[in-house]
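Structural description and commentary
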Amino acid sequence: MIRQAEFVKSSATPDQCPKPDKPEYAFIGRSNVGKSSLINMLCMHGGLAKISTTPGKTRLINHFLIDRSWYLVDLPGYGYAKVPKSMRKDFDKTLFRYLEKRENLCCAFVLIDARIPPQEIDIKFINKLGALQIPFAVIFTKTDKTTQMQLHDNTHSFKAEMSKSWDELPSCFFTSAITRKGREDILDFVVSVNRSWSSKETFV
Ligand SMILES: Nc1nc2c(ncn2[C@@H]2O[C@H](COP(=O)(O)OP(=O)(O)OP(=O)(O)O)[C@@H](O)[C@H]2O)c(=O)[nH]1
Ligand SMILES: [Mg+2]
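What counts, and where the lines are drawn
- Residues numbered from 1 in each chain as written.
- Chains lettered and ligands numbered in written order.
- Predicted model: local features only at pLDDT ≥ 70, side-chain atom pairs only at ≥ 80, totals over all residues.
- Core = buried A, V, L, I, M, F, W, Y, C linked by C-beta atoms within 7 Å.
- Buried ≥ 20, exposed ≤ 12 C-beta atoms within 10 Å, placed from the backbone.
- Helix = DSSP H or I, 4+ residues; strand = E, 2+ residues; numbered from the N terminus.
- Contact = placed C-beta atoms within 7 Å.
- Expected span 1.5 Å × (residues − 1).
- Arc of directions from axis to C-beta.

1. A short note on the nonpolar core
- Among the nonpolar cores identified, the biggest contains 42 residues, and A26, F27, F109, V110, L111 and I112 are the most heavily contacted of them.
- A total of six residues in this core trace back to one element, the largest contributor, which is strand β5 (residues 105-113).
- The residues contacting F27, other than those within four sequence positions of it, are K35, L38, I39, V73, D74, L75, F109 and L111.

Below, the structure is given as structure tokens:
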């Protein structure tokens, strides 16, 4: 469904980002959760976003232009413990400035490792997005590494945690960068949101 994916630029700050004239989708989550791998999987392009076994590989706001019509953004992971505290604070500040300021951001995909039970840092992050009224969806990653039972337990506990603060749960997706599970679901979601973006553009 994606015909063309090209790297546009890496920006250190939100004001260096490309002109906000196309719908944009950002991939966020703890370091090493699989953001860059998922982007490559969606684009069927092994080397598009840089992947590493060392957490903290993605340091900047990386824009990719898809089919010349929408942006996909690879972001640095939050909560990475191995960089100095001051640097981590800078990352987090940049991240939230980007999330709050980016007017064309249609959805922030928050990636959650399906192999582990709910983590406080992820729940806090989601609650902060909610407080700032940033639209988001949840993606459970690395499902190829879980048993059906683990996947069921972890994702249900995560939804139960979210239900403590939210009346309505966000859209949830289940993915694997290895088996390509979830690819169609995410791309269908993007297509439908893009449609409402272009109708909005026509009527304003
Ligand atoms: N089995 C499996 N491994 C995965 C999957 N997605 C990512 N990985 C592995 O997890 C590690 C981290 O992947 P990245 O895509 O670099 O993670 P990231 O979230 O972009 O990490 P940072 O840029 O450091 O924040 C790599 O070793 C990947 O090969 C998946 O769906 N299944
Ligand atoms: Mg990355």
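There is more to say, and it comes next.
2. Topic: helix α4 (residues 148-163)
- Here α4 is 16 residues long and its end C-alpha atoms lie 22 Å apart, about the 22 Å a rise of 1.5 Å per residue gives.
- Among all positions in α4, only N154, F158 and M162 are buried. Down the axis of α4, the smallest arc covering the buried residues is 75 degrees, so these residues share one side. More than 90 degrees from the buried face of α4, the exposed residues found are Q148, M149, H152, H156, S157, A160 and S163.
- At its buried positions, α4 is contacted by β5 and α3 (120-131).

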